[in-house]
Amino acid sequence: MSDTYDVREAVGDGDLEACFAVRREVFVEEQGVPQDLEYDPYDATAVHVLAVRADGVPLGTGRLLHGADALGRTGGDASVGSLGRLAVAKAARGLGIGAALVRGIEDVARERGLSAVDLHAQTHALGFYERLGYVAYGPEFPDAGMPHRAMRRTL
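Here is a short report on the structure shown in this document. (Residues numbered from 1 in each chain as written. Predicted model: local features only at pLDDT ≥ 70, side-chain atom pairs only at ≥ 80, totals over all residues. Heavy atoms only, no water.)

**Observations concerning the overall build of the protein**
Scanning the protein from terminus to terminus reveals four helices and seven strands. Each helix and strand of the protein, placed in order from N terminus to C terminus, yields the pattern β-α-α-β-β-β-α-β-α-β-β. What you see for the protein is a C-alpha radius of gyration of 14 Å, in line with the 15 Å of a compact globule of 155 residues. Once the C-alpha set of the protein is aligned to its principal axes, its extents read approximately 40 × 35 × 30 Å. Within the span of the protein, comprising 155 residues, buried residues form 43% of the whole. For the protein, the proportion of contacts with a sequence separation of at least 24, taken over those separated by at least 6, is 63%. (Helix = DSSP H or I, 4+ residues; strand = E, 2+ residues; numbered from the N terminus. Rg over C-alpha atoms; globule rule 2.2 N^0.38 Å. Buried < 20%, exposed > 50% of the residue type's maximum accessible area, 1.4 Å probe, protein only. Contact = heavy atoms within 4.5 Å.)

This is the structure in structure tokens:
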């Protein structure tokens, strides 16, 4: 696989469907998350970020909730965005795409005037996010049947 890819804000229906296809592969098919839990009303208002190979193949995605949509995940702090639905296609793992997506989402958050980004990390991914500057807080909790921890990074 070529390691040439671009990370950008998703625009248009084609990009959005590419984001959903990666999420379906990773969360629904690979991790067994029910489809009705994976897709939610926030998808309509979130900013989606897409990693795409030079030939157009989608490699990864993530989304940023901000404003009123993020309040329930950020302790009610409107200056904090919520990173979520970060997924990298199995065939594309190990190329740095996950970290590039996180940085791309942070860039989007900065552009929208946010001061920090929160996320709910699956516990097996805590080390990944810690290496990117996120700090865990609060107790472990279940989400879609998997253990998670809340994390935050100040921008």
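**Some details on the nonpolar core**
Core analysis: the biggest nonpolar cluster contains 26 residues, and Leu83, Tyr129 and Tyr134 have the highest contact counts within it. Taken together, the elements giving at least two residues each to this core come down to strand 2 (47-53), strand 3 (58-65), strand 4 (80-88), helix 3 (97-111), strand 5 (116-122) and helix 4 (126-131). Looking at this core element by element, the count peaks at six residues for helix 3. Residues contacting tyrosine 134, with those up to four places away along its chain left out, are Leu83, Val102, Glu106, Val117, Leu119, Tyr129, Met151, Arg152 and Arg153. Core analysis: the next-biggest nonpolar cluster, separate from the first, contains six residues, Val26, Phe27, Ala87 and Met146 among them. (Core = buried A, V, L, I, M, F, W, Y, C linked by side-chain atoms within 4.5 Å.)

**Observations regarding the environment of valine 52**
Within the secondary structure, valine 52 is located in strand 2. Since its relative accessible area comes to 10%, valine 52 is described here as buried. For the pair formed by valine 52 and valine 7, sequence separation is 45 residues and the distance between their alpha carbons is 6.5 Å. In this view, valine 52 contacts Tyr5, Asp6, Arg8, Val57, Pro58 and Leu59; residues no more than four positions away in its chain are not counted.

**What about the side chain of histidine 48?**
Structurally, histidine 48 is set in strand 2. Given a relative accessible area of 5%, histidine 48 falls into the buried group. In terms of polar contacts, histidine 48 uses its side chain to reach the backbone carbonyl oxygen of aspartate 43, at 2.9 Å. Among residues more than four places away in sequence, those in contact with histidine 48 are Arg8, Glu9, Ala10, Leu16, Cys19, Phe20, Arg23, Asp43, Gly62 and Arg63. (Polar contact = N/O pair within 3.5 Å; in protein donor to acceptor, adjacent residues only side chain to side chain.)

**Quick notes on the sheet that holds strand 1 (residues 5-9)**
Taken together, seven strands build an open sheet; the order of strands is 1-2-3-4-5-7-6 and the sheet is mixed. The open sheet is flanked by strand 1 and strand 6 (135-143), the only strands paired with a single partner. If you compare each strand with its neighbour and ignore which way they point, the axes differ by 25 degrees on average. As defined by bridge partners, strand 3 adjoins strand 4 across five bridges and the pair is classed as antiparallel. Directly across from leucine 65, in strand 4, lies its bridge partner serine 82. (Pairing = 2+ DSSP bridges. Axes fitted to C-alpha atoms, helices over the stretch in contact; angles between N-to-C directions.)

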